[in-house]
Structures are given as structure tokens and as C-alpha cells.
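# Working through the structure, step by step
The residues making up each chain are set out below.
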Amino acid sequence: MNILFQGDSVTDAGRDRSVSAPNVGLGQGYVTMIAGNLGLAHADLNFYNHGVSGNRAADLYGRWQEDTLNFDFDVLSILLGINDVGFSLRLGRGSDKQRFYFLYDRMLYEVMEKNPKAKLILMEPFVLKIRHAWAEFGTDIYDNYDLWQSRVRENGEVTKTLAKKYHAQFVPLFDVFDSLTKTAPAERYTADCIHPTAVGHAVIAQEWIKAFYTR
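Reference entry: report on the structure contained in this document. Note that the coordinates shown come from a computational prediction; the quantities given were computed from them, not determined experimentally.

Thresholds, definitions, all that
- Residues numbered from 1 in each chain as written.
- Predicted model: local features only at pLDDT ≥ 70, side-chain atom pairs only at ≥ 80, totals over all residues.
- Heavy atoms only, no water.
- Helix = DSSP H or I, 4+ residues; strand = E, 2+ residues; numbered from the N terminus.
- Expected span 1.5 Å × (residues − 1).
- Buried < 20%, exposed > 50% of the residue type's maximum accessible area, 1.4 Å probe, protein only.
- Arc of directions from axis to C-beta.
- Contact = heavy atoms within 4.5 Å.
- Core = buried A, V, L, I, M, F, W, Y, C linked by side-chain atoms within 4.5 Å.
- Pairing = 2+ DSSP bridges.
- Axes fitted to C-alpha atoms, helices over the stretch in contact; angles between N-to-C directions.
- Phe/Tyr/Trp six-rings, centres within 6.5 Å; stacked < 30°, edge-to-face > 60°.

This part covers helix H2 (residues 30–41). Counted at 1.5 Å a residue, the expected span for H2 with its 12 residues is 16 Å, and the 17 Å between its end C-alpha atoms agrees. Among the residues of H2, Tyr 30, Val 31, Ile 34, Ala 35 and Leu 38 are the ones counted as buried. Seen along its axis, H2 keeps its buried residues to an arc of 130°; they face one direction. Buried residues belonging to H2 abut strand S1 (2–7), helix H1 (9–12), strand S2 (46–49), strand S3 (75–79), strand S4 (119–123) and helix H10 (198–213).

Structure representation (C-alpha cells):
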């Protein structure tokens, strides 16, 4: 069984683009944690990471044929949405809720046309509030957190709606992190409001595995 992960930098996590073999070069994030956990329990699983740092929905759709539809997978996992908000608020080059839905819906439609038996796992985008130490990245998320949270939540709603439409498993990451930060500082889970720490990646892996085993 082939499991393909798609998404942005949270999925990419420094993966090695020079390798195409399964189970290697998967990056330093949740994909590797999932592969280690499930690969130990199930010898028939192969894991592939095609996440690309900086991807918005439009970027992912631009490589959809080559990096997804042309690939032989049984399970497709997608984590998407934070860059559509970030590029929109910072540069005016992202997607609003309606365009995000349009692009995401089209990608899933094409998957089901090509591979109707595939299991889909759609992950909710998230953002956390911390004042990080790297001045060069700015503090716009911290300073405008209500706006960021609202926009990311909208893309999460889109993701959940599409999960229902395509009978996919939905992974509610924003709600999970929101709950965790009520008893521990957000700095435990993210380094810069967006990218997870090792603990944050472990949380994602844990929630993903729950969805994988859900039928």
C-alpha cells in the first residue's frame, strides 16, 4: 500500500527531493514519524512525501498532475491552507475562502476520477500565537492573530466541508492544538506560529494515525 503526503512546508519539513524511493528522505517532520510508527507495525506500507515548502492551493494544483495524479497511491494525505492566508495578507497573492474551495475541490475531484478507490485524509490548517525570537520574520501573526486565526479557520471549514463531500477522513488539527495550548505554552508546539516543533509534529502524527485507522 502506497501512502502519499502532499502539502506545504509543514509536510515538506526538509525532505530530500533527490530520492524517489519509498520510506527515505521523508523530512524531519510528521511524515517521518508516521512512517516510523506505521511502518514498524505494517510491513506492506510504503510512504512518499511530495510536500513543497511555500505551496498555496494554486501552486499545488499547478503540479497536481505530475506529483499526484501520475503517482500510484492508495492513501492520499493533504495539509494545505496556511500559505493561502499568509500570501494573501502579506503580499496579496493568496486565495480567499471561495478560491481556496474552488482549487481544492478541483484537485479532489480529479483524484476521485483517476483513483476512485483511494482513501483521502484531509488535515485542518492551523496557526498558533507566539512572539518568536526571530526579528527578521516579523511579528505580524502575533500582532494580528485574530485576523490570521479567522482566515485560517475559514480554510479549515473548507477542508472539513470537502472531507464530507469526498468521504475523506478529516483531521481537526486547529482544535487539537487549541486545546493543548490551554494547559501548555504554544511555544511547545510551534517555533514561529506556523512551523511545528518536534512535539508539534508528534501531535500531527498522532492525530493522523487516528484518522488512518478510522474506517
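If you look at the biggest cluster of nonpolar residues, it comprises 42 residues, and the most contacted ones within it are Tyr 30, Ile 34, Phe 47, Met 123 and Trp 208. Broken down by secondary-structure element, the contributors of at least two residues to this core are S1, H2, S3, helix H5 (82–91), S4, helix H8 (145–165), helix H9 (173–180) and H10. Discounting residues that sit within four places of it in the chain, Trp 208 has contacts with Ile 3, Phe 5, Ile 34, Leu 38, Val 75, Ser 77, Ile 121, Met 123 and Val 171. Ranked by size, the runner-up nonpolar core spans 25 residues in total, among them Tyr 48, Phe 100, Tyr 104 and Leu 120.

On the secondary structure map, His 50 appears in the loop between S2 and helix H3 (57–62). Here His 50 falls in the buried class, since its relative accessible area comes to 16%. Every residue in contact with His 50, bar those within four places of it in the chain, is listed here: Leu 4, Phe 5, Gln 6, Arg 15, Arg 63, Asp 67 and Phe 71.

Bringing the sheet that holds S3 into the picture now. On the basis of which strands lie adjacent, the open sheet formed by 5 strands has the order S2-S1-S3-S4-S5 and parallel pairing. Strand pairing shows two members of the sheet lacking a second neighbour, S2 and strand S5 (169–171), which therefore form its edges. Strand-to-strand twist of the sheet, defined as the mean angle between neighbouring strand axes without regard to direction, takes the value 15°. This element, H10, spans S1, S3, S4 and S5 of the sheet and lies at about 150° to S4.

One pass over the full model with this rule turns up 8 aromatic pairs. On the basis of an interplanar angle of 75° and a centroid distance of 4.6 Å, the ring pair of Tyr 48 and Phe 71 is categorised as edge-to-face. Within this pair, whereas Tyr 48 is found in strand S2, its partner Phe 71 is found in the loop between helix H4 (64–69) and S3, the two being separated by 23 residues in sequence. Judged by centre distance (5.5 Å) and plane angle (75°), the ring pair of Phe 100 and Tyr 104 falls under edge-to-face. Residue Phe 100 and its partner Tyr 104 are located together in helix H6 (residues 97–114), separated by 4 residues, close to a single helical turn. Its relative accessible area of 0% is what places Tyr 104 among the buried residues. Joined through ring pairs, the aromatic side chains of Phe 5, Tyr 30, Trp 208, Phe 212 and Tyr 213 make up one cluster.

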